[in-house]
Amino acid sequence: MQKSISKAAITWRLILSGFIIISLISCEEPNSVGGQFIEGSKLRLDTLFVEDFTPLSESIFSGNLQYLPIGKYNDPLFGNTKATAFLKPQISTLTFEDDVDANFKLKLELRINTDITIGNTIKPVNFDIFPVSEFWRGNEVLSNDAIGIDSSRSYGTFSQFGEDSIIVDLSDELLLDLATYINNDSTNADSLYNYDFNGLAIVPRDSDSKIIFPNIFESRFFIITPDEDTTRFVSKSNAFNLERSNANTYPNRLYINSFFENFYSVSFEDYLSDYEYDNLLKAEFLVYEDVAQLQNFLPNLHTRPDVSFLELKFANPSDLRYELQFTGSDFFGERDTLNNGFKFNMTDHINQYLFTEPNDKTLYFNINPSGGIMRSTLLYDHTSNDSLKPKLILTFSE
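Residues numbered from 1 in each chain as written. Predicted model: local features only at pLDDT ≥ 70, side-chain atom pairs only at ≥ 80, totals over all residues. Heavy atoms only, no water.

Chemist: Please explain the overall build of the protein chain as it appears in this structure.
Modeler: A count of helical and extended segments in the protein chain gives six helices and 24 strands. Residues classed as buried in the protein chain amount to 51% of the 398 residues present. As displayed, the protein chain has an accessible area near 18800 Å², and 46% of this comes from carbon and sulfur atoms. (Helix = DSSP H or I, 4+ residues; strand = E, 2+ residues; numbered from the N terminus. Buried < 20%, exposed > 50% of the residue type's maximum accessible area, 1.4 Å probe, protein only. Areas by Shrake-Rupley, 256 points an atom, 1.4 Å probe, with all protein chains shown as cover.)

Chemist: Looking at this model, I keep getting lost on the layout of surface pockets. Mind explaining?
Modeler: Over the atoms a probe the size of a water molecule is rolled, and this reveals where empty space is left. If you add up the space inside the largest pocket, you get close to 280 Å³. Lining the largest pocket are Glu-289, Val-291, Leu-294, Gln-295, Leu-298, Thr-303, Arg-304, Pro-305, Asp-306, Val-307, Arg-335 and Ser-376. The element best represented in the lining of the largest pocket is helix H4 (residues 291-296), accounting for three residues. When its residues are assigned to classes, the lining of the largest pocket shows five nonpolar, three polar and four charged. (1 Å grid on protein atoms, 1.4 Å probe; cavity = no way out; pocket = protein on both sides within 12 Å on 5 of 7 lines; lining within 4 Å. Points joined across faces, edges and corners; volume = space filled by probe spheres on them. Nonpolar A, V, L, I, M, F, W, Y, C, P; charged D, E, K, R; others polar.)

Chemist: Help me understand the nonpolar core in this model?
Modeler: It is characteristic of soluble globular proteins that their nonpolar side chains tend to be buried jointly. Counting residues in hydrophobic clusters, the biggest one holds 55 residues, and the most contacted among them are Phe-158 and Ile-202. The residues contacting Phe-158, other than those within four sequence positions of it, are Ile-70, Leu-110, Val-125, Asn-126, Phe-127, Ile-129, Ile-166, Val-168 and Ile-202. If you look at the next biggest cluster of nonpolar residues, it comprises 41 residues, including Tyr-250, Leu-310, Ile-350 and Leu-379. (Core = buried A, V, L, I, M, F, W, Y, C linked by side-chain atoms within 4.5 Å. Contact = heavy atoms within 4.5 Å.)

Chemist: In this structure, what is going on with unusual backbone geometry? I would like to understand it.
Modeler: With the exception of glycine, most residues fall at negative phi, and the peptide bonds are largely trans. The backbone of Asn-252 shows a phi angle near 60°, a positive value even though the residue is not glycine. Position of Asn-252 relative to the elements: it lies in the loop between strand E14 (235-245) and strand E15 (253-257).

Chemist: Where do I start with empty space enclosed by the protein in this structure?
Modeler: Per the counting criterion, the structure on display carries three cavities of 30 Å³ or more. Estimates place the volume of the largest cavity at around 150 Å³. Grouping the constituent residues of the lining of the largest cavity by class yields six nonpolar, three polar and four charged.

Chemist: Honestly, helix H2 (residues 172-182) in this entry has me stumped. Any pointers?
Modeler: In an α-helix there are 3.6 residues to a turn, and that puts residues three or four apart on one side. Every buried residue of H2 is listed here: Leu-174, Leu-175, Leu-178, Ala-179, Tyr-181 and Ile-182. All buried residues of H2 fall inside an arc of 160° around its axis, so they share one side. Buried residues in H2 make contact with strand E5 (79-89), strand E6 (105-120), strand E9 (165-170), helix H3 (189-196), strand E10 (200-204) and strand E12 (220-224). (Arc of directions from axis to C-beta.)

Chemist: Just to check I follow, could you spell out helix H6 (residues 347-355) for this structure?
Modeler: The buried fraction of H6 is high, at seven of nine residues. Of the positions making up H6, those classed as buried are Thr-347, His-349, Ile-350, Asn-351, Tyr-353, Leu-354 and Phe-355.

Chemist: When you look at the packing of aromatic side chains in this model, what are you seeing that I'm missing?
Modeler: Each aromatic ring pair is summarised here by two numbers: the centre-to-centre distance and the angle between the ring planes. Scanning the model with the defined rule gives 25 aromatic pairs in all. Ring centres of Phe-135 and Tyr-195 lie 5.4 Å apart, and the angle between their planes is 15°; this geometry places the pair in the stacked category. Residue Phe-135 is found in the loop between strand E7 (125-131) and strand E8 (156-160), and its partner Tyr-195 is found in helix H3; the two are separated by 60 residues along the sequence. Judged by its relative accessible area of 34%, Phe-135 falls in the partly exposed class. Ring-pair connections join several aromatic residues into one group, and the members of that group are Phe-53, Tyr-264, Phe-268, Phe-285, Phe-344 and Phe-365. (Phe/Tyr/Trp six-rings, centres within 6.5 Å; stacked < 30°, edge-to-face > 60°.)

What follows is the structure in structure tokens.
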């Protein structure tokens, strides 16, 4: 459709819309269908049902994020997940008066966000720590990458049962492995460490039913000398791997998770072809969560992290994974606990269709990984009742 209008006219109409919306007392009915007039106000509400969601699948960059999910859980709704962590200590700045040997002690303190847990809250979760058997770079690891682990050698074990801090005793074998590099005064010691020492893996045991989230930015390794002096040091690099199985299908629902196993692209272009130069005051995109199914498939005393925000974002398809994960969101949908919905203010974007031509028309609908936190949800799709369908609600001044 050819559009022609002066910049001055566009500017005046947008300014006028701004004045009107400031004085507008919102009175729309979210479940309205079609166009209607609001008596005495000269406003019109149009409801457009949105059904063209294209499912997509990727994996996230899992390296050097704030949270490091570890554990295993069989979710009755979302399938099986096993989360394994990989760590490489930062030892380049460590100095001691004496060479590090078996008289020293090596420990790891994990600080755990107990407000975020997936699975059974009343059982402990158990882990083994093994050497990593191949080279990896934290900034390049994806959540579905397989990294080799040598399970024939143990660096330690530990359990967690609700604690927000755990101190793990690490083996003399790991201590002496690190001592080889700490005690090395040669100019290439750092290079040898970077390429020859592959780090340690925290692996959940198969029988467990919980995933926990250590905050790796607050966690520390530490070495205790024979004189009981303690030196703390951070992780140089970290990442995690997610092994997924027994995935379910969700008829007549939109399934979204924060590790990009499932998300969607959507465009509003085809829904706006009949509108041109209309005096749009407000445009809102609404979707609704299937709370009943989320709750019914969660056993008693089990938990999942809530989804508080959904995103709509423009992104370059050639660099989609990076832009979805690390660039700012274009539109946020905050959860409304009263109607279990998410509402996005799309006014600026829809106005571009009415007066100009958007530079970007495809939006990506997802949950942000939020530093490594795993979240999933189900939303009603266009086959649902009118009150629950995804929709654009447009408010015009007549």
